[in-house]
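# Commentary on secondary and tertiary structure
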Amino acid sequence: MNQSTENQFIEIIKINQGIVHKVCGMYRHDPDDRKDLFQEIIIQLWRAFPKFRQESKISTWIYQIALNVAISDFRKESRRPQRVELSENILNISDNIYDNSTEEQIKILHHAIAQLSEIEKAIVMLYFEEKDNEEIAEIVGITQNNVRVKMTRIREKLRLLVTQESFL
């Protein structure tokens, strides 16, 4: 590819990198894993860039590729055995009571979202990004009606998960 194409790609990524960061944050919690996923998404965007026909918005195209890479990476990772590292800091955890109910509610919601399927997570993330059903449908590759049905089911699922978490 020529220098002009490369410069155009870099500019598009600079403008839209928030999308990639959000997808990485949704599917990876460890900072190093997020960085790795970010790099992989950028690589795949670069590979696909010459084929982008501008039939949809650039943000829609970025979401599609980023979500596909993240979901594929998530599936590969879920097949690997989990490893747990403990540090000395764990032994020094304070037992002081810290009351921040809003922070706790956010943690509960994040934990509930983490229990959703890959497609449900993608829909929720796009919903939080205030994307309309038409754009969510285009990004995820389902019909608008299916988006509405899934959102209704996801809301109910999250209500149940949050309620269960609150009582633990």
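Here's a quick rundown of the structure. Within each chain, residue numbers correspond to sequence positions counted from 1 in written order. Given that this is a predicted model, residues contribute local features only at a pLDDT of at least 70 and side-chain atom pairs are listed and counted only at 80 or more, while totals for whole chains, interfaces and linings are drawn from all residues. The basis for the side-chain values is all heavy atoms of the structure; hydrogens and waters are excluded.

### Brief notes about the overall build of the chain
Selection rule: Helix numbers and strand numbers start at the N terminus; a helix is a DSSP run of H or I with at least 4 residues, a strand a run of E with at least 2. To sort residues, take the accessible area from a 1.4 Å probe on protein chains only and compare it with the maximum for the residue type: under 20% means buried, over 50% means exposed, and anything in between is partly exposed. Should any heavy atoms of two residues lie within 4.5 Å, those residues are considered in contact.
The helix and strand tally for the chain stands at 8 helices and 0 strands. Order of helices (α) and strands (β) in the chain, N terminus to C terminus: α-α-α-α-α-α-α-α. Out of the 168 residues in the chain, the part that is buried amounts to 33%. Expressed as a percentage of contacts within the chain between residues at least 6 apart in sequence, the contacts between residues at least 24 apart total 68%.

### Details of the side chain of Glu120
Within the secondary structure, Glu120 sits in helix α6 (residues 118–128). Among all residues touching Glu120, those that are not within four sequence positions of it are Ile154 and Lys157.

### Details of the packing of aromatic side chains
What counts is decided by this rule: Two aromatic rings, drawn from Phe, Tyr or Trp (for Trp, its six-membered ring), form a pair once their centres lie within 6.5 Å of each other, and the interplanar angle then sorts them: stacked below 30 degrees, edge-to-face above 60, tilted otherwise.
Evaluated as defined, the whole model comprises 5 aromatic pairs. Judged by centre distance (4.9 Å) and plane angle (65°), the ring pair of Phe9 and Trp46 falls under edge-to-face. Of the two residues, Phe9 sits in helix α1 (residues 3–27) while Trp46 sits in helix α2 (residues 31–48), which places them 37 residues apart along the sequence. Phe9 sits in the buried class, given a relative accessible area of 6%.

### Some words on the nonpolar core
One broad trend across soluble globular proteins is that nonpolar side chains are buried collectively. Cut-off, in case you're wondering: Buried Ala, Val, Leu, Ile, Met, Phe, Trp, Tyr and Cys residues that are joined via side-chain atoms within 4.5 Å together make up what is termed a nonpolar core.
Core analysis: the largest hydrophobic core is formed by 43 residues, its most contacted members being Val23, Tyr27, Ile41 and Leu45. Elements represented by at least two residues in this core include exactly α1, α2, α3 (58–79), α5 (101–114), α6, α7 (133–140) and α8 (144–167). When near neighbours in sequence (up to four residues on either side) are disregarded, Tyr27 contacts Leu37, Leu67, Ala70, Ile71, Phe74, Glu118, Lys121 and Ala122.

### Some points on a nonpolar patch on the surface
Rule in force here: Exposure above 30% relative accessible area and the lack of any salt bridge qualify a residue for a patch; like charges then connect within 9 Å, and the nonpolar side chains Val, Leu, Ile, Met, Phe, Trp and Tyr within 5 Å. Accessible surface area values rest on a Shrake-Rupley calculation with a 1.4 Å probe, where residue burial reflects the displayed protein chains alone. In what follows, salt bridge is the name for a side-chain nitrogen of Lys or Arg lying within 4 Å of a carboxyl oxygen of Asp or Glu.
A cluster of nonpolar side chains, Leu109, Tyr127 and Phe128, forms an exposed patch at the surface whose accessible area comes to about 280 Å². By the element assignment, Leu109 lies in helix α5.

### Describing α1
Note the following rule: Note that bend, as reported per residue, equals the angle between axes fitted to the 7 residues terminating at that residue and the 7 residues originating from it. Polar contact is the term for a pair of N or O atoms within 3.5 Å; when the atoms are in protein, one must be able to donate a hydrogen and the other to accept it, and sequence-neighboring residues count only if both atoms are side-chain atoms.
Of all the bends in α1, the greatest measures close to 60° and is centred on Asn16. Those residues of α1 that fall on the buried side of the exposure criterion are Thr5, Phe9, Ile12, Ile13, Asn16, Ile19, Val20, Val23, Cys24, Met26 and Tyr27. N-cap assignment for α1: the residue whose side-chain oxygen lies 3.1 Å from the backbone N of Ser4 is Asn2.

### A closer look at unusual backbone geometry
Positive phi is not limited to glycine here, since Gln54 has a value of about 60°. Residue class for Gln54 comes out exposed when judged on its relative accessible area of 60%. For Glu130, which is not a glycine, the phi torsion comes out positive at approximately 60°.

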